[in-house]
Every structure is written in structure tokens, then in C-alpha cells.
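A closer look at the structure
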Amino acid sequence: EGTYTHQAALKHFGQSAVVSAYPSISKVFSQVEDGHSKYGVVPVENSTEGMVTHTLDSFAKSSLKICGEVELRIHHQLLIASGAGVSALKTVCGHQQSLAQCQTWLSTHWPHLEQEAVSSNATAAQMAAENPSVAAIASSMAAELYGLHCVASNIEDLSDNTTRFLVLASKDVPPSGDDKTSVIVATRNKPGALFKLLEPFDREGIMLTRIDTRPSPSETWAYLFFIEFEGHQTDPKIAKILPELEEHSVMVKLLGSYPRAPF
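What you see is a predicted model, and the numbers here were worked out from it, not measured in a lab.

Summing up its helical and strand segments, the protein chain has nine helices and 13 strands in all. With respect to the principal axes defined by its C-alpha atoms, the protein chain has extents near 65 × 40 × 30 Å. Sorting the 263 residues of the protein chain into buried and exposed places 48% on the buried side. For the protein chain, contacts bridging at least 24 residues in sequence account for 76% of all contacts bridging at least 6. Carbon together with sulfur atoms contributes 51% to the accessible area of the protein chain, which is approximately 13,200 Å² in total.

Here it is in C-alpha cells:
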């Protein structure tokens, strides 16, 4: 509660949504898979720090579909316990991504503070509320929820710092008219394998919006490609491409087609 993922869920579903917090990305996946939650929201990419590998790895093992995406501008605050003094600070805590996104600012303004990565910014906020020697990097929502005082606002190194979140569900969603599609592909280990995967997109004029790799969980020095592109899986051009991907790969897993996030 009070994380940026919490904010993303409320942005997508509205303030009246009933939300539940879980301690890890994999737990969010399992709660939706088991039917305990209808939807899940997980971070997938930050404009400063890149892809969230835990989310990509969870997709490789899950049967869930992507049914939406959310883009959230991230503004970090430096928070301390109400009534605490800055002279007592010894440690600054935050999620590892948040610490990385504020690294230049921290090195410039608070170089003497030890940096400690924790499981979430909400955990950091709880630690700061309980210990006057701890400062937290967290959101203004966390400051309100945990009764913290803001020492400095908008401490992220890049002013356009943005995180993209994906919405998980058990079923596909129909076309919206402005969609993306995501797939996982395992290629054959031979020359030209990646070219043969990408060539159909160029031929059909389909824009790739993301391509990343992760180590294969089943074979040493083999890789999975996470490919994201414009359009819906039911569009004629994409329906033509998907069988070609299967022809030139060991495995193709369709993660889903979903409406593009409004910017």
C-alpha cells in the first residue's frame, strides 16, 4: 500500500477499486492465476532503469494474459518520520530501482547516508516511520499513508522519469482500435535466427515498440525474446505474422493484445 504500483492500479481502475497488496511480483501473478484477484498490476519498464526482469521471468512461466497497460510519471520524495531531525539520519532506504533513479541527487546532497535496497518503497516508508535514523524514498501517497514528513520533493535524476505497468487477467480482450501485442519467442540456435523473426514485421510495416532478451530457464546460453509491437492479434497483418514466427522458432507464447496506455 502506497507504492507506485498501487497508484498505477488506481489510475487504471479508478479510486473506487478494491485493491490488495502482495509482497512480490510473482505473488501478484499467482493470486490472479488462482482466482483470488480478478486482475493484477505489475511494473514492466522504467524510462531510466529499463525492463523489470522479475516481471519478464514471471510471464515466461505464467498462463496469464496482458489486458492493459498504464504509464505513470514517477516523482520520488525523501521522507522521514514526523518530528525526526535530518541530523539523525544514517540510512536511506528504497526499492533498488528507486535508489538507482535518484543516485546522482543522493550522491550530491546526502553522500554520507548508507543506501539500503528493500523490497518496496512502501517497506521503506514503514521503516522510516519506525526509525528516526532512516529516510525513505517513496511517493507522496506513502507520505500521507504512513504519516511521514517530506524533506525534499522530486529527487529523481530525470524529470521525465516514467514507469510502465501491465494489467494481468486470465482472458484476452477484444480490439480497442489502438492496441499493442506482446509475445515471448525462443529462437533456434543458428545463424540468421533473429533476422528471420524480425523480417516479417518489416515486410508488413508493423512497428516494433520493444524487444528484450532473458536467459532461457531450460537451456544454458539460450535466450527468450520478449517482443512488443503495434496492433491487435486479430488484425489481418498480425494474424499473418504469428504463424511465421512459429515456423522460425522453437516456441512462441502470445502474452496478449491490449489497449495502448494514453500518454
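Attention shifts here to the packing of aromatic side chains. Enumeration over the complete set of coordinates arrives at three aromatic pairs. With a centroid separation of 5.2 Å and 40 degrees between ring planes, the pair formed by Phe13 and Tyr39 is classed as tilted. Remark: Tyr39 occurs in the loop between helix 2 (25-33) and strand 1 (40-46) and Phe13 occurs in helix 1 (residues 4-13); sequence separation between them is 26 residues. Classification of Phe13 as partly exposed rests on a relative accessible area of 33%.

The next point concerns the sheet that holds strand 3 (residues 65-73). Note: strands within a sheet are paired through backbone hydrogen bonds, in either parallel or antiparallel orientation. Spatially, four strands are ordered 2-1-9-3 in an open sheet, and the strand pairing comes out antiparallel. Strands with a single pairing partner mark the edges of an open sheet, and in this sheet they are strand 2 (50-51) and strand 3. Two elements, strand 3 and strand 9 (residues 162-169), share eight bridges in a ladder whose sense is antiparallel. Residue pairing for strand 9: Leu72 is matched across the bridge by Thr163. In this fold helix 1 packs onto strand 1, strand 3 and strand 9, with an angle of close to 110 degrees to the strand it touches most, strand 3. Helix 3 (residues 53-61) rests against strand 1, strand 2, strand 3 and strand 9 of the sheet, and its axis sits at about 125 degrees to strand 1.

This part takes up the pattern of salt bridges. With the rule as written, the count across this model stands at 14 salt bridges. The residue Glu204 makes a salt bridge to Lys240 at a minimum N-O spacing of 3.1 Å. Separated by 36 residues along the polypeptide, Glu204 in helix 8 (residues 193-204) and Lys240 in helix 9 (residues 236-247) bring together distant segments of the chain. Take Glu204: its relative accessible area is 11%, and that puts it in the buried class. In the salt-bridge network here, residues are joined through shared partners; they are Glu45, Glu69, Arg164, Lys180, Arg210, Asp212 and Glu228.

You can see Ser58 is positioned in helix 3. Within the local environment of Ser58, its side chain forms a polar contact with the backbone oxygen of His54, the two atoms lying 2.9 Å apart.

Parameters at a glance
Residues numbered from 1 in each chain as written. Predicted model: local features only at pLDDT ≥ 70, side-chain atom pairs only at ≥ 80, totals over all residues. Heavy atoms only, no water. Helix = DSSP H or I, 4+ residues; strand = E, 2+ residues; numbered from the N terminus. Buried < 20%, exposed > 50% of the residue type's maximum accessible area, 1.4 Å probe, protein only. Contact = heavy atoms within 4.5 Å. Areas by Shrake-Rupley, 256 points an atom, 1.4 Å probe, with all protein chains shown as cover. Phe/Tyr/Trp six-rings, centres within 6.5 Å; stacked < 30°, edge-to-face > 60°. Pairing = 2+ DSSP bridges. Axes fitted to C-alpha atoms, helices over the stretch in contact; angles between N-to-C directions. Salt bridge = Lys/Arg side-chain N within 4 Å of Asp/Glu carboxyl O. Polar contact = N/O pair within 3.5 Å; in protein donor to acceptor, adjacent residues only side chain to side chain.

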